[in-house]
Amino acid sequence: MGSALVTGATSGIGQELAWELAAENNDLVLVARNRERLDEVAERIRQVANVQVEVLPADLSTLQGAELVARRVRATDKPIGLLVNNAGFGLGQDFVGGELDRELCALDTMVRAVLITCHAAAAEFSGRGYGGIINISSMTSLTAQGTYSAHKAWVRTFSEGLAASLKGSGVTVTAVCPGLVHTQFHERSQVDSTQWSELAFTSANYVARTALNAARRGTVIVTPTIRYKIAAAAIKFAPRSVVRAVAGPKLSGRN
Ligand SMILES: NC(=O)c1ccc[n+]([C@@H]2O[C@H](COP(=O)([O-])OP(=O)(O)OC[C@H]3O[C@@H](n4cnc5c(N)ncnc54)[C@H](OP(=O)(O)O)[C@@H]3O)[C@@H](O)[C@H]2O)c1
């Protein structure tokens, strides 16, 4: 299928995706900002899984970073067969009174970079008649938790539209909508994750395996775990005033 390119591959869901893909004998291109962590993860995967692992340090909040990744997606030498847009973070602030720079960084990382890399992948993969795109959205795409919800709703809707545009081209697009997952995400965005029951959490490995199985089947939107599938259905039928009250901007759980 060609190599798999995974953004945000040094931690959490992205790292689990990288390990799962390597276990299936796929060569990898790993993207994140921190070069040292990229090299560490790449070396461990090479030693254990015996696949080729390239590292591509890039800050996806910058236009140059997103374009660097898009260029790698378009490259015909060691072609990419699967693009995984996973890099992301919680803002750790309210929109009102928060820093505009942080808002722009989140928008550029979780929306603009996804658009730029998918634009490259859609053209390249459909031209050759095969390939897959996985975009990590979130259950919050259905709620009202500030701009993070809006970014993840964009990812979900965009992926759906792209999947429809690429139907019959041999290229699949899958949006993954996990609920709470044990990763560095909450700590990095200064959210106290102990406020939620352990039962609410899914493992990053389960999310990764669900995402890859869904992409293989050509599923367009997947919500890992039955519990969150039920929650997603409930949110779709609930009045939006209830959704805003239960999962609105004031309920982010930040420290
Ligand atoms: N954890 C959850 O509860 C949860 C739930 C639903 C959806 N998600 C989504 O799942 C995805 C993965 O998050 P995670 O939970 O695995 O978080 P994580 O453990 O904090 O990992 C985030 C990864 O993204 C990279 N990254 C962050 N900003 C970047 C940038 N500007 N450019 C390039 N790479 C960047 C980080 O590496 P560097 O810092 O080195 O760049 C790291 O590899 C995100 O899109 C997140 O929104 C998470």
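Above this text you will find the structure in question.
Let me begin by describing the structure that accompanies this report. Nothing here was measured: the structure is a model prediction, and the numbers come from that model. (Residues numbered from 1 in each chain as written. Predicted model: local features only at pLDDT ≥ 70, side-chain atom pairs only at ≥ 80, totals over all residues. Heavy atoms only, no water.)

Attention now goes to the sheet that holds strand E3 (residues 53-57). Spatially, the seven strands line up as an open sheet ordered E3-E2-E1-E4-E5-E6-E9, and their pairing is parallel. Strands at the two margins of the open sheet, each flanked by one partner only, are E3 and strand E9 (221-222). Relative to E9, strand E6 (residues 171-176) is paired through two bridges, and the arrangement is parallel. If you follow Ala-175 over to E9, its bridge partner there is Ile-221. Where helix H3 (residues 63-74) meets the sheet, it contacts strand E1 (3-7), strand E2 (28-32), E3 and strand E4 (80-85), and its direction lies at approximately 150° from that of E3. Helix-sheet contacts for helix H5 (residues 146-165) involve strand E5 (131-136), E6 and E9, and the interaxial angle to E5 is about 160°. (Pairing = 2+ DSSP bridges. Helix = DSSP H or I, 4+ residues; strand = E, 2+ residues; numbered from the N terminus. Contact = heavy atoms within 4.5 Å. Axes fitted to C-alpha atoms, helices over the stretch in contact; angles between N-to-C directions.)

So, about the site of the ligand. Residues in close proximity to the ligand total 31 residues, the closest being Thr-10, Ser-11, Asn-86, Tyr-148 and Thr-183. One of the side-chain N or O atoms of Asp-59 is found 3.0 Å from a nitrogen atom in the ligand. At a separation of 2.6 Å, an oxygen atom of the ligand approaches a polar side-chain atom of Thr-183. Here the ligand, which alone exposes 900 Å², has 98% of that area covered by the protein. Of all elements in the fold, only helix H1 (12-23), H5, strand E7 (180-182) and helix H6 (185-188) reach the threshold of two or more residues within the shell around the ligand. With three residues, the top contributor of residues to the shell around the ligand is H6. For the shell around the ligand, the residue count by class is twelve nonpolar, 15 polar and four charged. (Near = heavy atom within 4 Å. Polar contact = N/O pair within 3.5 Å; in protein donor to acceptor, adjacent residues only side chain to side chain. Areas by Shrake-Rupley, 256 points an atom, 1.4 Å probe, with all protein chains shown as cover. Nonpolar A, V, L, I, M, F, W, Y, C, P; charged D, E, K, R; others polar.)

The subject of this paragraph is the pattern of salt bridges. Applying the stated criterion to the full structure yields five salt bridges. Among the ionic pairs, Arg-112 bridges to Asp-108, the shortest N-O distance being 3.5 Å. Within this pair, Arg-112 and its partner Asp-108 are both found in helix H4 (residues 100-128), separated by four residues, close to a single helical turn. Its relative accessible area of 16% is what places Asp-108 among the buried residues. (Salt bridge = Lys/Arg side-chain N within 4 Å of Asp/Glu carboxyl O. Buried < 20%, exposed > 50% of the residue type's maximum accessible area, 1.4 Å probe, protein only.)

We now examine H1. Taking 1.5 Å as the rise per residue, H1 with twelve residues should run 16 Å; its terminal C-alpha atoms sit 17 Å apart, in good agreement. Burial within H1 is extensive, with nine of its twelve residues counted as buried. Turning to H1, its buried residues are Gly-12, Ile-13, Gly-14, Gln-15, Leu-17, Ala-18, Glu-20, Leu-21 and Ala-22. Trailing H1 by a residue or two, Asn-25 shows a phi angle of about 75°, which is positive. (Expected span 1.5 Å × (residues − 1).)

Right, let's get into H4. A rise of 1.5 Å per residue sets the reference length of H4, with its 29 residues, at 42 Å; its end C-alpha atoms lie 41 Å apart and thus fit the reference within 8%. At Asp-108, H4 shows its maximal bend, which comes to roughly 40°. (Bend = angle between axes of the 7 residues up to and from the residue.)

A few words on a nonpolar patch on the surface. A cluster of nonpolar side chains, namely Leu-100, Leu-104 and Leu-107, defines an oily patch on the protein surface of about 260 Å² accessible area. Here Leu-100 lies in helix H4. On the basis of relative accessible area, Leu-100 is assigned to the exposed category, the value being 57%. (Patch = residues over 30% accessible without salt bridge, like charges linked within 9 Å, V, L, I, M, F, W, Y side chains within 5 Å.)

Before going further, it helps to examine the packing of H4 against H5. H5 packs onto H4 with a crossing angle of 10° between their chain directions and a minimal axis gap of 10 Å. The angle between H4 and H5 places the two elements in the roughly parallel class. In this structure, H4 contributes Glu-103, Ala-106, Leu-107, Met-110, Val-111, Val-114, Leu-115, Cys-118 and Ala-122 to the contact, and H5 contributes Thr-147, Tyr-148, His-151, Lys-152, Trp-154, Val-155, Phe-158 and Leu-162. For the contact of H4 with H5, the class distribution of residues is 13 nonpolar, two polar and two charged. (Parallel < 35°, antiparallel > 145°, perpendicular 65-115°, else oblique.)

Our next topic: the side chain of Asn-26. Summarising the element assignment, Asn-26 is placed in the loop between H1 and E2. Note on Asn-26: relative accessible area 12%, which makes it buried. A polar atom in the side chain of Asn-26 sits 2.9 Å from the backbone oxygen of Leu-21. Apart from residues no more than four positions distant in its own chain, Asn-26 is found in contact with Met-1, Gly-2, Leu-21 and Val-51.

This brings us to the nonpolar core. If you look at the biggest cluster of nonpolar residues, it comprises 33 residues, and the most contacted ones within it are Leu-17, Leu-28, Leu-30, Ile-45 and Ile-134. If sequence neighbours within four positions are ignored, Leu-30 has contacts with Val-6, Ala-9, Ala-18, Leu-38, Val-41, Ala-42, Ile-45, Val-53, Glu-54, Val-55 and Leu-56. Leu-56, Ala-66, Val-69 and Ile-116 belong to the second largest nonpolar core, which has 27 residues in total. (Core = buried A, V, L, I, M, F, W, Y, C linked by side-chain atoms within 4.5 Å.)

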